[in-house]
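Next come the chains, spelled out residue by residue.
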Amino acid sequence: MLSTDEISANEESTTRAGIDRKVTINIVVLGSANADYSMRTPRIPSAGETLQGSDFQFALGGKGANQAIASARLGGRVAFVACVGRDSAGELALATYRDAGIDVDAVSVVDAPTGSALIFVDDAGENCIGVAAGANEHLAQSHAEAASRRIANASHLLMQLETPIATIQAAAEIARDCGTQTILNPAPARPLPRELLALVDIVTPNQTELASLTDMRVTSQTETVEAARELQSRGPNTVIVTLGAAGALVVTDDTVIPVETSQVAAIDTTAAGDTFNGALTVALAQGETLIDAVHFANRAAALSVTRRGAIDAIPTRVEVDAFR
C-alpha cells in the first residue's frame, strides 16, 4: 500500500503487471466498488422473459473500481476513495486494488454487503446491468473530507454516479477549492443538481445518459450537439459524448470536434466506458491536449470491447500504445 508521503511525491518509478513506467501524475478516483455476476444470453431478456444463459462468471467491478484500475493500468498513480463490505468480496477487492498499484488507504470497510451487479451480455456484445449499491451507499461526505489531502495533491479527480450525490458534490467542492480538475462520468444517469454541475470541468455522458440528463433527443449529431450545449450551460466547460463504435464528440465553448475510433469486432462492451474515462484522465494528467487524450481513450476503449469481462478487459498502457 502506498503511504501518504508516496502519494505526495512528484515522481516514482514502478514495475507492475509487466509494465515499466515512470509515474509523474496523481489521480484520485471516488466511486463504487462492486462484485459483478455476469451471464451470456442470446439477446438481452425482455420483461418477464426467461432465457437460457451460459458463461456465468464472477468478477470484481463497479464503475469507480473499474476506472481506478484503468487509470493505474494505463500509467497513472491512483488513490481510490470508496467503501467495501466486511465480506469475502470486499477482502478480494482490496487485495486486487493493492495488486494494481492503487493506494487504498481511503477505501473504508463497512458493515454492509459489498455492492453487486448482475450483468447480461448478448451475442452482439451489448449488455444490460442491474446494480445493488450495498456498501457504496455508505460512502459519505466525511470520506471525501478525509481524502481532501489526496484530492488537493492530485491533478485530476474522476467520479461517477454509483455513490451518494452529496459525497460526489463534497469531493467536487474540495477539488474546486484546490484547483484540481474534476471529470464526472454521469453513469448511471440520474438528475443532477446545478450546484454539482457548476463544479465539474469535464462531463462524459454517452448518448443515452445525455438524453436523460437534458430531457432532449439525441438521434442525430445536430441533436447531440444541442443537448451537449444544454448540459454545458449548466456548468461544465467541456462535454465529451461517447458514441460507441462511432468514437466521441467533443464539445467545448467554441468547438465541436468528432473524434473517430478504431473499428474492432466487439464481443463485450461492459468496461468500455470505464476504460475510456480512466484513459482520458491519465492522458490529460500527463499533459496531452484534449483531442489527443480522447484519441487515446478511444483506442483503450476499443481494445477493451474485444475482451470479455470488466477489469479483465481493461488493456495495459503498452497494449494501447501499440494499438494504432
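Small disclaimer: the values here were computed from a predicted structure and weren't measured.

### Description of the sheet that holds strand E11 (residues 181-184)
Okay, step 1: A sheet is described by the order of its strands in space; here nine strands give the open sequence E7-E6-E3-E10-E11-E12-E13-E14-E15, paired in mixed fashion. In this open sheet, the two edge strands, each paired with only one partner strand, are strand E7 (107-110) and strand E15 (256-259).
Okay, step 2: Strands strand E3 (27-30), strand E10 (156-159) and E11 of the sheet are contacted by helix H6 (residues 165-178), whose axis makes an angle of about 170° with E10.

### Thoughts on the confidence of the model for the protein chain
Okay, step 1: Predicted confidence across the protein chain gives a mean pLDDT of 90, with 92% of residues reaching 70 or more.
Okay, step 2: A low-confidence stretch, residues 1-25 (pLDDT under 50), is modelled with 62 contacts involving residues beyond four sequence positions or located in other chains.

### Points about the pattern of salt bridges
Okay, step 1: Inspection of every chain in the model, using the stated rule, returns 11 salt bridges.
Okay, step 2: Here Asp111 makes a salt bridge to Arg86, at a shortest N to O gap of 2.8 Å. With Asp111 in the loop between E7 and strand E8 (115-121) and Arg86 in the loop between strand E6 (78-85) and helix H3 (88-99), this pair connects stretches of sequence that are 25 residues apart.
Okay, step 3: For Asp111, a relative accessible area of 67% puts it in the exposed group.

### Examining the environment of Thr238
Okay, step 1: In this structure, Thr238 sits in strand E13 (residues 238-242).
Okay, step 2: Taking the relative accessible area as the measure of exposure, Thr238 reaches 9% and is therefore buried.
Okay, step 3: Separated by 40 residues in sequence, Thr238 and Gly278 have C-alpha atoms that sit 17 Å apart.
Okay, step 4: If near-sequence neighbours (up to four positions away) are discounted, Thr238 is found in contact with Asp201, Ile202, Val203, Gln232, Val250, Val251, Thr252 and Leu290.

### Quick look at the pairing of E11
Okay, step 1: As paired elements, E10 and E11 share four bridges and run parallel to each other. Bridge pairing in E11 links Met159 to Leu184.
Okay, step 2: Crossover connection from E10 via H6 to parallel E11: handedness right-handed.

### Overview of the nonpolar core
Okay, step 1: If you look at the biggest cluster of nonpolar residues, it comprises 47 residues, and the most contacted ones within it are Phe80, Tyr97 and Ile102.
Okay, step 2: At the level of elements, E3, helix H2 (63-73), E6, H3, strand E14 (248-251), helix H10 (272-285) and helix H11 (290-304) are the ones that each hand at least two residues to this core.
Okay, step 3: With eight residues, H11 is the single largest residue contributor to this core.
Okay, step 4: When neighbours within four sequence positions are excluded, Tyr97 is seen to be in contact with Ala33, Gly61, Ala65, Ile69, Phe80, Ile102 and Val104.
Okay, step 5: Of all hydrophobic cores here, the second largest spans 42 residues; its members include Leu30, Ile168, Ile174 and Val225.

### Quick word on empty space enclosed by the protein
Where empty space is left can be seen by rolling a probe of water-molecule size over the atoms.
Okay, step 1: Within this structure, the stated rule accounts for one cavity of 30 Å³ or more.
Okay, step 2: Among the secondary structure elements, those contributing two or more residues to the lining of the largest cavity are strand E4 (34-40) and strand E5 (54-61).
Okay, step 3: When residues in the lining of the largest cavity are grouped by element, the largest group, three residues, is from E4.
Okay, step 4: Among the residues forming the lining of the largest cavity, the class breakdown is two nonpolar, three polar and four charged.

### A few points about the packing of H10 against H11
Okay, step 1: Packing of H10 against H11 brings their axes to within 8 Å, and their N-to-C directions diverge by 145°. Relative to H11, H10 is oriented so that their crossing is right-handed. Two secondary-structure elements touch here, H10 through Ala272, Thr275, Phe276, Ala279, Leu280, Ala283 and Leu284 and H11 through Leu290, Ala293, Val294, Phe296, Ala297, Asn298, Ala300, Ala301 and Ser304.
Okay, step 2: Each residue belonging to the contact of H10 with H11 can be placed in one class, and the counts come to 13 nonpolar, three polar and no charged.

### A few points about the layout of surface pockets
Okay, step 1: Empty space within the largest pocket amounts to approximately 1200 Å³.
Okay, step 2: Every residue lining the largest pocket is counted, 45 residues in all, and those nearest its centre are Asn127, Asn206, Thr269, Ala272 and Gly273.
Okay, step 3: Elements represented by at least two residues in the lining of the largest pocket include exactly E4, H2, E8, strand E9 (127-132), helix H8 (207-214), H10 and H11.
Okay, step 4: For the lining of the largest pocket, the element with the most residues is H10, which contributes five residues.
Okay, step 5: Along the lines of polarity and charge, the residues of the lining of the largest pocket split into 18 nonpolar, 21 polar and six charged.

What counts, and at which threshold
Residues numbered from 1 in each chain as written. Predicted model: local features only at pLDDT ≥ 70, side-chain atom pairs only at ≥ 80, totals over all residues. Heavy atoms only, no water. Pairing = 2+ DSSP bridges. Helix = DSSP H or I, 4+ residues; strand = E, 2+ residues; numbered from the N terminus. Contact = heavy atoms within 4.5 Å. Axes fitted to C-alpha atoms, helices over the stretch in contact; angles between N-to-C directions. pLDDT = per-residue confidence, 0-100. Salt bridge = Lys/Arg side-chain N within 4 Å of Asp/Glu carboxyl O. Buried < 20%, exposed > 50% of the residue type's maximum accessible area, 1.4 Å probe, protein only. Right-handed = clockwise from strand over helix to strand, strands pointing away. Core = buried A, V, L, I, M, F, W, Y, C linked by side-chain atoms within 4.5 Å. 1 Å grid on protein atoms, 1.4 Å probe; cavity = no way out; pocket = protein on both sides within 12 Å on 5 of 7 lines; lining within 4 Å. Points joined across faces, edges and corners; volume = space filled by probe spheres on them. Nonpolar A, V, L, I, M, F, W, Y, C, P; charged D, E, K, R; others polar. Left-handed = near helix turned anticlockwise from the far one by under 90°.

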